[in-house]
Amino acid sequence: MTSSTELFERARQVLPGGVNSPVRAFRAVGGTPFFVARAAGCRLTDVDGRSYVDYVCAWGPLILGHAHPAVLEAIQVAAGRGWSYGAPCEAEVQLAELVRCRMPSLEMVRFVNSGTEATMSAVRVARAATKRELILKFAGGYHGHADGFLVQAGSGVATLGLPDSPGVPAAVAGLTLTVPFNDVAAVEDVFRRRGPELAAVIVEPYLGNVGFIAPEPEFHPTLRRLCDAHGTLLIFDEVMTGFRVAPGGAQERLGVRPDLTTLGKIVGGGLPVGAYGGRADLMRLVAPAGPVYQAGTLAGNPIAMAAGLATLRETARAGFYETLERRTARLVSGISDAARRHRVPASVGHAGSMWGVFLATGPIRNYAQAQAADVALFGRWHRAALARGVFLAPSAFEAAFVSSAHTDADIAFTLEHLDAALGDARAG
Ligand SMILES: *Cc1c(COP(=O)(O)O)cnc(C)c1O
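Values in this document were obtained by computation on a predicted structure and should not be read as measured data. (Residues numbered from 1 in each chain as written. Predicted model: local features only at pLDDT ≥ 70, side-chain atom pairs only at ≥ 80, totals over all residues. Heavy atoms only, no water.)

> I keep staring at the packing of helix H3 (residues 90–102) against helix H11 (residues 302–315) and nothing clicks. Help me out?
Packed helices, taken two at a time, are described by the angle their axes make and the gap between the axes. At a minimum axis separation of 9 Å, H3 and H11 run at an interaxial angle of 35 degrees. At the point where H3 passes H11, the crossing takes the left-handed sense. Counting all contacts with H3, which are made through Ala-91, Glu-92, Gln-94, Leu-95, Leu-98, Val-99 and Arg-102, the residues of H11 involved are Met-305, Gly-308, Leu-309, Leu-312, Arg-313 and Thr-315. (Axes fitted to C-alpha atoms, helices over the stretch in contact; angles between N-to-C directions. Helix = DSSP H or I, 4+ residues; strand = E, 2+ residues; numbered from the N terminus. Left-handed = near helix turned anticlockwise from the far one by under 90°. Contact = heavy atoms within 4.5 Å.)

Pasting the structure below:
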């Protein structure tokens, strides 16, 4: 028995499924999770002393890799000044200013502690502003675990093939309408029938919680136009794409300006931070400026703000995003070549350093098509890759990430071992 399997046994006695977030349990790929002892750069080291090149990157936040020296120092300096004040501090203002500078559509920002809180709160603002109750989301879109979003959701819900969650009141779920991603005709149809009742459309601009799926060129401009025509607000859930697919997120890359945006992951540099923001007239509805209540004991935490600031400042270096994108392109095209050599159908894609591979014949435009992916083969590939020192997300339906700590040599190492692992997986 390894130390990881022992720890997992103990964990299962005290934590549901042995984990604090479902996909970490490795159920979809078989085997048991490794327990991390430490991490640095692009590598995780487990309690048994094995190390892995990490493409999960804490599920997105670690665009600089693990334990980046500048972020570590910022955290240490902040901690030395005390770690929670219950009163405002300058770092909150600095991070909000930096966010607005990178994403000008966020004229005002409110910090919270997770992506889930950000999306819940943004929808509350949208409902208050429009005095309407319905929201429209897309199948496979994941917006955190709040009641109203667990309708045809991605992430662990997709990975584990769960039905919409028990415990969500039908009356709440009934306020969420869902159509397929990239399906302009279906969106037009919803607006024709329910337009006057729709408070908001919430969308992951690039789907990242059912694997990586890019939007077609007309998709977001059409959402923008329909929202404008019907007095509906457009919410970009950029918890994953924000500061990832471009310096100014998906909204910069796509050239579409949402009314509200939700952030998480990179904005906290790996500490628990979320944020929502957008048009000043909408954000002024939030208490205490306005009547929409939303609060947080630990919101704007000084250590978390410091980690976010240090992370965003590092990403502002010249050529940062270009280098990441070039390495990611090399990785996904290498995976595509390997799949071809092994005669495995594969559809790869990326935007910036967010990437994914479906073991299915592409193109994959939506969640229904993604479900054609060979999950059993993916599970074998995952296990073989792990044995060779490469950590892919333990699910056929999650996006992956390259960080600035992944060097060209790390990418070459990865390609060599993913190629061999695909051979092992095909052999059974
Ligand atoms: C991760 C994620 C969330 C949820 O964020 P948490 O911090 O896990 O609550 C919401 N939306 C998207 C697009 C995400 O990727």
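> It is not clear to me how the site of the ligand should be interpreted in this structure. Could you clarify?
Surrounding the ligand, one finds Ser-114, Gly-115, Thr-116, Tyr-142, His-143, Gly-144, Glu-204, Asn-209, Asp-237, Val-239, Met-240 and Lys-265. In this structure, Gly-115 approaches the ligand through a main-chain N or O atom, which is 2.8 Å from an oxygen atom. In the model, an oxygen atom of the ligand is placed 3.1 Å from a nitrogen or oxygen of the Asn-209 side chain. Notes on the ligand: free accessible area 380 Å², of which the protein chains cover 83%. The residue makeup of the shell around the ligand, split by class, is three nonpolar, six polar and three charged. (Near = heavy atom within 4 Å. Polar contact = N/O pair within 3.5 Å; in protein donor to acceptor, adjacent residues only side chain to side chain. Areas by Shrake-Rupley, 256 points an atom, 1.4 Å probe, with all protein chains shown as cover. Nonpolar A, V, L, I, M, F, W, Y, C, P; charged D, E, K, R; others polar.)

> Which parts of the structure should I look at to understand the sheet that holds strand E2 (residues 43–46)?
In a beta sheet, neighbouring strands are held together by backbone hydrogen bonds and run either parallel or antiparallel to one another. Ordered by their spatial adjacency, four strands build an open sheet running E1-E2-E3-E13, and the pairing between neighbours is mixed. Two strands bound the open sheet, and with one partner strand each, they are strand E1 (36–40) and strand E13 (390–391). Bridge count for strand E3 (residues 51–54) against E13 is two bridges, and the pairing is parallel. Bridging across to E13, Asp-54 finds its partner in Phe-391. (Pairing = 2+ DSSP bridges.)

> Before we go on, may I ask you to explain the domain arrangement of the protein chain in this structure?
Interfaces are often sized by the amount of accessible area the parts lose when they come together. Examined at the domain level, the protein chain breaks down into domain 1 (3–67 + 318–427) and domain 2 (69–315). Distance between the C-alpha centres of domain 1 and domain 2: 25 Å. Carbon and sulfur atoms supply 65% of the area buried between domain 1 and domain 2, which totals about 2900 Å² over both sides. At the boundary of domain 1 and domain 2, one finds two salt bridges. (Domains from an automatic or database assignment. Buried area = accessible area lost by both parts, 1.4 Å probe. Salt bridge = Lys/Arg side-chain N within 4 Å of Asp/Glu carboxyl O.)

> When you look at empty space enclosed by the protein in this model, what are you seeing that I'm missing?
It is the rolling of a water-molecule-sized probe over the atoms that shows where space remains empty. Under the definition given, this model contains one cavity of 30 Å³ or more. Lining the largest cavity we find Trp-355, Gly-356, Val-357, Phe-378, Trp-381, Leu-392, Ala-393, Ser-395, Ala-396, Glu-398 and Ala-400. Those elements that place two or more of their residues in the lining of the largest cavity are strand E12 (354–358) and helix H14 (375–387). Tallying contributions element by element places E12 first for the lining of the largest cavity, with three residues. Looking at the lining of the largest cavity residue by residue, the classes come out as eight nonpolar, two polar and one charged. (1 Å grid on protein atoms, 1.4 Å probe; cavity = no way out; pocket = protein on both sides within 12 Å on 5 of 7 lines; lining within 4 Å. Points joined across faces, edges and corners; volume = space filled by probe spheres on them.)

> Would you mind showing me how to read H11 here?
One turn of the α-helix equals 3.6 residues, which is why residues spaced by three or four share an orientation. Taking 1.5 Å of rise per residue, the 14 residues of H11 would be expected to cover 20 Å, and the 20 Å separating its terminal C-alpha atoms lies within 8% of that figure. Buried residues dominate H11, accounting for 13 of its 14 residues. At the N-terminal end of H11, a side-chain oxygen is found 3.0 Å from the backbone nitrogen of Ile-303, two or three residues along, and the residue is Asn-301. (Expected span 1.5 Å × (residues − 1). Buried < 20%, exposed > 50% of the residue type's maximum accessible area, 1.4 Å probe, protein only.)

> Is there a simple way to explain the pattern of salt bridges in this structure?
Here the idea is simple: oppositely charged side chains can pair when their charged atoms come close. In the structure shown here, the tally under the stated rule is 21 salt bridges. A salt bridge links Arg-341 to Asp-419, with the nearest nitrogen and oxygen atoms 2.4 Å apart. Placement of Arg-341 in helix H12 (residues 320–341) and of Asp-419 in helix H15 (residues 408–427) is noted, with a sequence separation of 78 residues between them. For Asp-419, a relative accessible area of 17% puts it in the buried group.

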